[in-house]
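Observations on chain architecture
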Amino acid sequence: MLVNAKEMLNKAHNEKYAIAHFNINNLEWTRFILEECQKQNSPVILGVSEGAIKYIGGEDVVVSIVKSLIKDLNITIPVVLHLDHGSSFESCKRAVDAGFTSVMIDASSHSLEENIAITKSVVAYAHPKNVSVEAEIGHVGGEEDGVADELAYAKVEDAVTLTKETGIDFLAPALGSVHGLYKGEPKLDFDRMQKINEILNIPLVLHGGTGIGDDLIRKAITCGISKLNINTELQIAWSNAVRDFVTNNQGVYDPRKVIKAGEMAMKEAICKKLELLGCVDKV
Ligand code: 13P
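Okay, so let's go over this structure. (Residues numbered from 1 in each chain as written. Predicted model: local features only at pLDDT ≥ 70, side-chain atom pairs only at ≥ 80, totals over all residues. Heavy atoms only, no water.)

1. Quick notes on the overall build of the protein chain
Just so we agree on the cut-off: Starting at the N terminus, helices and strands are each numbered in turn, a helix being any DSSP run of H or I of at least four residues and a strand any DSSP run of E of at least two. Atoms counted for the radius of gyration: C-alpha only. Globule rule: 2.2 Å times residue count to the power 0.38. Exposure classes here rest on a 1.4 Å probe applied to the protein chains alone. A residue is buried below 20% of its type maximum, exposed above 50%, and partly exposed in between. Residue contacts follow a heavy-atom distance rule, with two residues in contact if any of their heavy atoms lie within 4.5 Å. Values of accessible area rely on a 1.4 Å probe in the Shrake-Rupley scheme; residue burial ignores everything except the protein chains shown. Charged-residue counts in this description rest on Lys and Arg as positive and Asp and Glu as negative, His and the chain ends being excluded. Charge positions come from single atoms, namely NZ of Lys, CZ of Arg, CG of Asp or CD of Glu.
Across its full length, the protein chain carries 12 helices and 8 strands. The C-alpha radius of gyration computed for the protein chain amounts to 18 Å, which stays within 12% of the reference 19 Å derived for 283 residues, consistent with globular compactness. The buried share of the protein chain, reckoned over its 283 residues, is 54%. Within the protein chain, counting contacts between residues at least 6 apart in sequence, those at least 24 apart form 73% of the total. Accessible surface for the protein chain amounts to roughly 12,500 Å². Of this, 52% is attributable to carbon and sulfur atoms. Charged side chains of the protein chain number 29 positive and 39 negative; the gap between the two group centres comes to 4 Å.

Next up, the structure:
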């Protein structure tokens, strides 16, 4: 069942667990994630970056794949199809028009005023179409950094202003996480996370879920994190297993066998994450 993320995340926020946002990169990944989440009776958010949309073939292809897999695999858990880091109003509009049920507008590299204006325009377009909206404040760094720049952490007052002025459904405040692998331990600012949570009382999103220790993730959930974004961790699980398979099976050339070699490793990683987040059986 394809749904927007609002109700799912509000429930997780109220009951203090988190929903996994797993990035999808192709049809097989989408199937592996849907099958494991169905098995664990867990709601799930399928995140798709602009790069992945381009790689897969376009917004319509992504929507068709997800809808068809839900139908043909008899997936009954709630599934959100979410644009990850939409970089502009146009990008979010394309996703909404194609049938995505949720979008993230990431105008975090703009000034606060511009971030508010762009995010507001996305909310105005998405909400009447029953599509939920995530925005980012502060700036989550990329793999090139490996460590978060404290100057880019979200300020409490900016988080409050952006949320109140735009009417977004959930907020990603940059508070020490980065995308990709960390250099050392991530330094998450839990005090600020807690403060933002107390003032706003809406679901918060933690990007850069790969490499954050289990205890830190549990603590983040107590501070309002209701959506954890995970991409690199599944990429590593899948590619390590495929690399082993290819090394040990030099004569195999059937792409179905090669791609499928990563299935178990990915499903194990997914299962562990769902248990950690507390979303098993939360359908
Ligand atoms: P990781 O690749 O670090 O898991 O982060 C994923 C993410 O935040 C996608 O928005």
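Still more to cover.
2. Digging into the site of the ligand
So the rule is basically this: Here, proximity means that at least one heavy atom of the residue falls within 4 Å of the molecule or strand. Two N or O atoms form a polar contact when they lie within 3.5 Å of each other; inside protein one atom must be a possible hydrogen donor and the other a possible acceptor, and for residues adjacent in sequence the pair counts only when both atoms belong to side chains. As defined here, a cavity is a set of points on a 1 Å grid over the protein atoms alone where a 1.4 Å probe fits but cannot get out. A pocket is an open set with protein on both sides within 12 Å along at least five of seven lines, and residues line them when an atom is within 4 Å of a point. The rule for placing a molecule in a cavity or pocket is simple: more than half of its atoms must lie within 2 Å of the grid points. The nonpolar class holds Ala, Val, Leu, Ile, Met, Phe, Trp, Tyr, Cys and Pro. Asp, Glu, Lys and Arg form the charged class, and all remaining residues, Gly among them, are polar.
Taken together, the neighbourhood of the ligand is formed by 14 residues, with D84, G208, T210, N231 and T232 sitting nearest. For the ligand, an oxygen atom lies 3.1 Å from a polar atom in the side chain of N229. N231 has a polar backbone atom sitting 2.9 Å from an oxygen atom of the ligand. Protein contact buries 96% of the 310 Å² of open area that the ligand shows by itself. Its atoms largely coinciding with the cavity grid, the ligand occupies the largest pocket. Across the shell around the ligand, the residue classes break down as 2 nonpolar, 11 polar and 1 charged.

3. Digging into the layout of surface pockets
Over the atoms, a rolling probe the size of a water molecule traces out where space has been left empty. So the rule is basically this: Grid points are joined across faces, edges and corners, and a volume is the space filled by probe spheres set on the points.
The space that makes up the largest pocket amounts to roughly 300 Å³. Lining the largest pocket are 18 residues; nearest its centre among them are N23, D84, H85, H179 and N231. Taken together, the residues that form the lining of the largest pocket break down as 1 nonpolar, 15 polar and 2 charged.

4. Description of the packing of aromatic side chains
The condition is simple: In this analysis, rings of Phe, Tyr and Trp, with Trp reduced to its six-membered ring, are considered paired at centre separations within 6.5 Å, and the interplanar angle assigns stacked below 30 degrees, edge-to-face beyond 60, and tilted for intermediate values. Our definition puts a charge over a ring when NZ of Lys or CZ of Arg is within 6 Å of the ring centre and also within 35 degrees of the ring normal.
Inspection of the entire model under this criterion finds 2 aromatic pairs. Note on W29 and W238: the rings are 6.3 Å apart at their centroids and 55° apart in plane angle, and the pair reads as tilted. Highlighted residues: W29 in helix α2 (residues 27-39) and W238 in helix α10 (residues 232-248), separated in sequence by 209 residues. With 5.7 Å between their ring centres and 80° between their planes, F89 and Y125 make a pair best called edge-to-face. Here F89 is found in helix α5 (residues 89-98), whereas its partner Y125 is found in helix α6 (residues 112-126), with 36 residues between them in sequence. Residue classification places F89 among the partly exposed positions, given a relative accessible area of 24%. The ring of Y125 carries the charged tip of K129 above its face, separated from the ring centre by 3.9 Å.

5. Some words on the environment of N130
Assignment of secondary structure puts N130 in the loop between α6 and β5 (132-137). Taking C-alpha positions, N130 is 26 Å from V280, a pair spaced 150 residues apart along the chain. Every residue in contact with N130, bar those within four places of it in the chain, is listed here: N4 and T101.

6. Examining the packing of helix α8 (residues 190-200) against helix α9 (residues 214-222)
As a reminder, the rule being used: Only C-alpha atoms enter the line fits that serve as axes; for helices the fit covers just the stretch in contact. Angles between N-to-C directions range over 0 to 180 degrees. Throughout this description, any angle smaller than 35 degrees is read as roughly parallel, any larger than 145 degrees as roughly antiparallel, any in the 65 to 115 degree range as roughly perpendicular, and the remainder as oblique.
Look at α8 against α9: their axes get within 9 Å of each other, and the N-to-C directions meet at 25°. Classified by the interaxial angle, the pair formed by α8 and α9 is roughly parallel. In contact with F190, M193 and Q194 of α8, α9 contributes L216, K219, A220 and T222.

7. Description of the pairing of strand β6 (residues 170-173)
Rules: At least two DSSP bridges between two strands are required for those strands to pair.
The alternating pattern of β6 places F170 and A172 on one face and L171 and P173 on the opposite face, and all of these are buried. Sheet analysis places β5 next to β6, joined by 4 bridges and oriented parallel. What sits directly across from I137, in β6, is P173.

8. Points about the packing of helix α4 (residues 59-72) against α5
Rules: When the near helix sits turned anticlockwise from the far one by under a right angle, the crossing is termed left-handed; a clockwise turn instead gives a right-handed crossing.
Two elements in contact, α4 and α5, have axes whose closest approach is 9 Å; the angle formed by their N-to-C orientations is 40°. In terms of orientation, α4 and α5 fall into the oblique class. Here the hand of the crossing between α4 and α5 comes out right-handed. In contact with E59, D60 and V63 of α4, α5 contributes R94, A95 and A98. Looking at the contact of α4 with α5 residue by residue, the class counts come to 3 nonpolar, no polar and 3 charged.

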